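Each chain, written out:
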Amino acid sequence: MGINELIEYARDNSCSDIHISSLGEIAMRQYGKLRKIKCDFTQDQLDQMIEDMMDEKQVAEYENGKDLDFAYQTPMSDIRCRVNTYHQRGTYAACLRIMGSSVPTLESLNLPEVIRSLAEQPRGLVLVTGPTGSGKSTTLAAMIDYINRTRAEHILTIEDPIEYIYTPDHSTIHQREIGRDVNSFSDALRSALREDPDVILVGEMRDYETVSAAITAAETGHLVMSTLHTTGAADTVNRIIDVFPTESQNQIRTQLASVLRGVVTQNLVPLASGDGRVAATEILVGTDAIANLIRSDKVFQIDSALQTGIKEGMHTLNMNLRELIDQGLITQEMALKRSNNPKALL
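Procedures and definitions
Residues numbered from 1 in each chain as written. Predicted model: local features only at pLDDT ≥ 70, side-chain atom pairs only at ≥ 80, totals over all residues. Heavy atoms only, no water. Helix = DSSP H or I, 4+ residues; strand = E, 2+ residues; numbered from the N terminus. Rg over C-alpha atoms; globule rule 2.2 N^0.38 Å. Buried < 20%, exposed > 50% of the residue type's maximum accessible area, 1.4 Å probe, protein only. Areas by Shrake-Rupley, 256 points an atom, 1.4 Å probe, with all protein chains shown as cover. Lys, Arg positive; Asp, Glu negative; His and termini not counted. Charge placed at Lys NZ, Arg CZ, Asp CG, Glu CD. Pairing = 2+ DSSP bridges. Axes fitted to C-alpha atoms, helices over the stretch in contact; angles between N-to-C directions. Contact = heavy atoms within 4.5 Å. Expected span 1.5 Å × (residues − 1). Phe/Tyr/Trp six-rings, centres within 6.5 Å; stacked < 30°, edge-to-face > 60°.

Within the chain one finds 15 helices and 13 strands. Relative to the 2.2 N^0.38 estimate, which gives 20 Å for 346 residues, the radius of gyration of the chain is 21 Å and therefore close to what a compact globule would have. Of all 346 residues assigned to the chain, the portion counted as buried reaches 50%. For the chain, the accessible surface area stands at approximately 16,200 Å², while carbon and sulfur atoms represent 44% of it. Here the chain carries 33 positive and 48 negative side-chain charges, and the mean point of each set is 6 Å from the other.

In structure tokens, the structure reads:
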């Protein structure tokens, strides 16, 4: 079995991640749980598996001690993976996130209808947030796919690495990869304003320069979509504001209030049946009331606004977790583990 067969095996068994250690261990994450796989590979064979995913330049960089992030696609089954290769105890190691062979649709993900409305926004900032492994990239890909199928737009994606490959439909799509096509997210965003985009997908807002450039792009009439590793709508707003120096935070509150169209926070929760996971979401829609809370530094009131904003499609994570419990899809025990306010869920 080579690396391609290993990826196909993981995909066929509904695994989201593969961990390879050349010390002789392979583990796969299935429905959120890590399971070790018995294998008889030698260290040299596992080293070769990792190198088989790289080109010559990457192999040279890796052998010189550099950690790498890149995308890999199996040649026969077209399964795409996001790969990180690193070193531990002086040996090779790799983590593969399986992305699938096709771009998902909003319909197939069974997400709240309001997410479609956010994808239909002509301009502004839309964020998909959540912990690592919560499906943020998949949700964003489905939103981009929806725009591509329904509108004639110029879509520009900036990713590290490119995860899903889009086939242009009504839209024109250009995809740029950090490290190969451009040096950084902030550099790509600055030049994006001269590339006539309508929609800009930023893989992740990691630093001050990227956050600032993304908000500027949203202010200048573009629809900007990105991700953050935050666990709720209020936390997301605070994270963005805290990126800026103290003396600039009043200004950024005003800017953010004017451009924020929505925040989708999601977490994948194991089903009570044990044979899959379901997305639990928290939804903020950038209404005038929400904008006023951000502008007036009353972010602590956002949770209350989500609870009363049902007509606009808003809800808290706890509200959605309770709904999933009542439907029998998840257990209360698992919901408590995923909740950002467990006491309020009881």
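Moving on, we come to the sheet that holds strand β7 (residues 124-129). If you walk across this open sheet you meet the seven strands as β9-β8-β10-β11-β7-β12-β13, and the pairing is mixed. For this open sheet the edge positions go to β9 (172-177) and β13 (277-285), each flanked by a neighbour on one side alone. Taken over all neighbouring pairs, the strand axes of this sheet differ in orientation by 15° on average, direction set aside. Bridge analysis of strand β8 (residues 154-159) against β9 gives six bridges, and the strand direction is parallel. What sits directly across from His154, in β9, is Thr172. Sitting on the sheet, helix α10 (residues 249-259) is in contact with β7 and β12 (260-270), with an inclination near 80° to β12.

Before going further, it helps to examine helix α8 (residues 208-219). Between its first and last C-alpha atoms α8 spans 16 Å; for twelve residues at 1.5 Å apiece the expected length is 16 Å, and the two agree. Buried residues of α8: Thr210, Val211, Ala213, Ala214, Ile215, Ala217 and Ala218, and no others. Where α8 is buried, its residues meet β7, α7 (185-192), β10 (199-202), β11 (223-228), α9 (233-243) and α10. The positive-phi residue at the C-terminal boundary of α8 is Gly221, with phi of around 100°.

Tallied over the full model, the rule gives two aromatic pairs. Their ring planes at 50° and their centres at 4.5 Å tell us that Tyr62 and Tyr92 sit as a pair that is tilted. On the criterion of sequence distance, the pair formed by Tyr62 in helix α3 (residues 56-63) and Tyr92 in strand β6 (residues 91-100) is long-range, its members being 30 residues apart. Of the two residues examined, Tyr62 and Tyr92, each falls in the buried class. Ring centres of Tyr208 and Phe244 lie 5.1 Å apart, and the angle between their planes is 75°; on these two criteria the pair is classed as edge-to-face. Residue Tyr208 is located in helix α8, and its partner Phe244 is located in the loop between α9 and α10; the two are separated by 36 residues in the primary sequence. What makes Tyr208 partly exposed here is its relative accessible area of 38%.

In space, the six strands of this open sheet follow the order β3-β2-β1-β6-β5-β4, with antiparallel pairing throughout. Edge positions in the open sheet fall to β3 (33-37) and β4 (68-73), since each of these has one partner strand only. With strand direction ignored, the average angle separating the axes of adjacent strands in the sheet is 25°. With five bridges connecting them, strand β1 (residues 15-21) and β6 associate as antiparallel partners. Bridging across to β6, Ile18 finds its partner in Leu96.

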